[in-house]
Amino acid sequence: MGDQAGGGAVRQLHPELVEWLSGREAAFESWATALGPLERWDFSAESLDDLEEVVRRRFPSLDDVGAAKDGEFVQGATWYVGEAIRRSFAACGTHDPLVWMYDPEPFAGQAPSAFFAPRTHAVSNTPFVGARDSVDGEWVYPLGVINELYSTEDEWGEPVEHRLRGALHDPYDDDDEFEDEDDGAGDEG
């Protein structure tokens, strides 16, 4: 993707990202209260469980999420998931904080698409979170986390049940996926 090494500042200041983040923050209270009491939306793992329930109820399929990708609800949910990840990571205090980024350059061999282009399952044209100087593979695409809710098997064909709370792990800790298996809160995607 685009400018990989040292491109954090460029990715963080992309005009579409800056405008989107400002808009999402301004719309958060309205978005959240439309879904229930504002206190419910505290960026915790439990609130991600609540959001997951709403997402699954509103969108029976991944195609439905893609069709609404440029709408207020999906963009609000994307921002909320990303903020929950950033805040959870900051609370652990073991690494540099995660920041929002956007890279308008397409993956090799793919045509560029518009910011949050609707009716696609692609997430590469959406904001992501990562450490300032992280590279592809150390980023988390919040819309990708939402899309994973509709995956029913892993790359080996084994059944999986992805959860939004599964995104609240340390992306630099490879052993994290095995730590919370009993309560379903481990990294499942």
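Since we're looking at a predicted model, the values are computed, not measured. (Residues numbered from 1 in each chain as written. Predicted model: local features only at pLDDT ≥ 70, side-chain atom pairs only at ≥ 80, totals over all residues. Heavy atoms only, no water.)

For the rest of this paragraph, the subject is the nonpolar core. Ranked by internal contacts, the top residues of the largest apolar core, which has 45 residues, are W31, L51 and F73. Of all the secondary-structure elements, those providing two or more residues to this core are α2 (15-33), α3 (45-58), α5 (72-92), β1 (98-101), β2 (128-131) and α6 (142-148). Among the elements that take part in this core, α5 stands out by supplying nine residues, more than any other. For L51, the contacting residues outside a window of four places in its chain are W31, W41, F73, A77, Y80, V81 and L164. (Core = buried A, V, L, I, M, F, W, Y, C linked by side-chain atoms within 4.5 Å. Buried < 20%, exposed > 50% of the residue type's maximum accessible area, 1.4 Å probe, protein only. Helix = DSSP H or I, 4+ residues; strand = E, 2+ residues; numbered from the N terminus. Contact = heavy atoms within 4.5 Å.)

Before going further, it helps to examine the pattern of salt bridges. Two side chains with opposite charge may pair up if their charged atoms get near one another. The tally for this structure, following the rule as stated, stands at 10 salt bridges. Linking R163 and D49 is a salt bridge whose minimum nitrogen-to-oxygen distance equals 2.8 Å. Taken together, the residues span a long stretch of sequence, with R163 in the segment after α6 and D49 in helix α3 at a distance of 114 residues. Through salt bridges with shared partners, a single ionic network connects D49, E52, R56, R163 and R165. (Salt bridge = Lys/Arg side-chain N within 4 Å of Asp/Glu carboxyl O.)

In this section: the environment of L62. Assignment of secondary structure puts L62 in helix α4 (residues 62-67). Its relative accessible area of 26% is what places L62 among the partly exposed residues. Setting aside chain neighbours within four positions, we find L62 in contact with H121, N147 and Y150.

Moving on, we come to the packing of α3 against α5. Where α3 contacts α5, the two axes come as close as 11 Å, and the packing angle between them is 155 degrees. When the interaxial angle is binned, α3 and α5 end up roughly antiparallel. Crossing of α3 over α5 shows left-handed handedness. Every residue of α5 that contacts α3 at S47, L48, L51, V54, V55 and R58 is listed here: F73, A77, Y80, V81 and A84. Residues belonging to the contact of α3 with α5 are distributed by class as follows: nine nonpolar, one polar and one charged. (Axes fitted to C-alpha atoms, helices over the stretch in contact; angles between N-to-C directions. Parallel < 35°, antiparallel > 145°, perpendicular 65-115°, else oblique. Left-handed = near helix turned anticlockwise from the far one by under 90°. Nonpolar A, V, L, I, M, F, W, Y, C, P; charged D, E, K, R; others polar.)

Bringing the environment of D96 into the picture now. Residue placement: D96 occurs in the loop between α5 and β1. In this structure, the C-alpha to C-alpha distance between D96 and G130, residues 34 residues apart in sequence, is 9.4 Å.

The predicted model of the protein chain averages 83 in pLDDT, with 80% of residues at 70 or higher. Mean pLDDT values for the elements of the protein chain range from 76 in helix α1 (residues 8-12) up to 97 in α3. Every residue in residues 1-6 is under pLDDT 50, and counting partners more than four places away or in other chains gives 20 contacts. Here residues 175-189 is a poorly scored stretch, pLDDT under 50, and it has 20 contacts once near neighbours within four places are set aside; other chains count. (pLDDT = per-residue confidence, 0-100.)

Before going further, it helps to examine α3. For α3, built from 14 residues, the straight-helix expectation of 20 Å at 1.5 Å per residue is met to within 8% by its first-to-last C-alpha distance of 20 Å. When we look at burial in α3, the residues that qualify are A45, S47, L48, L51, E52, V54 and V55. Burial along α3 is one-sided: seen end-on, the buried residues are contained in an arc of 165 degrees. (Expected span 1.5 Å × (residues − 1). Arc of directions from axis to C-beta.)

Our next topic: the side chain of Q75. Along the polypeptide, Q75 turns up in helix α5. The buried category is assigned to Q75, whose relative accessible area is 11%. Within the local environment of Q75, its side chain forms a polar contact with the side chain of W20, the two groups lying 2.7 Å apart. Excluding residues that lie within four positions of it along the chain, Q75 makes contacts with W20, R24, K69, D70 and F116. (Polar contact = N/O pair within 3.5 Å; in protein donor to acceptor, adjacent residues only side chain to side chain.)

Here β1 shows no split at all, with L98 and W100 on one side and V99 and M101 on the other all buried. Alignment of β1 against β2, held across four bridges, turns out to be antiparallel. Within β2, the residue paired with W100 across the bridge is V129. (Pairing = 2+ DSSP bridges.)

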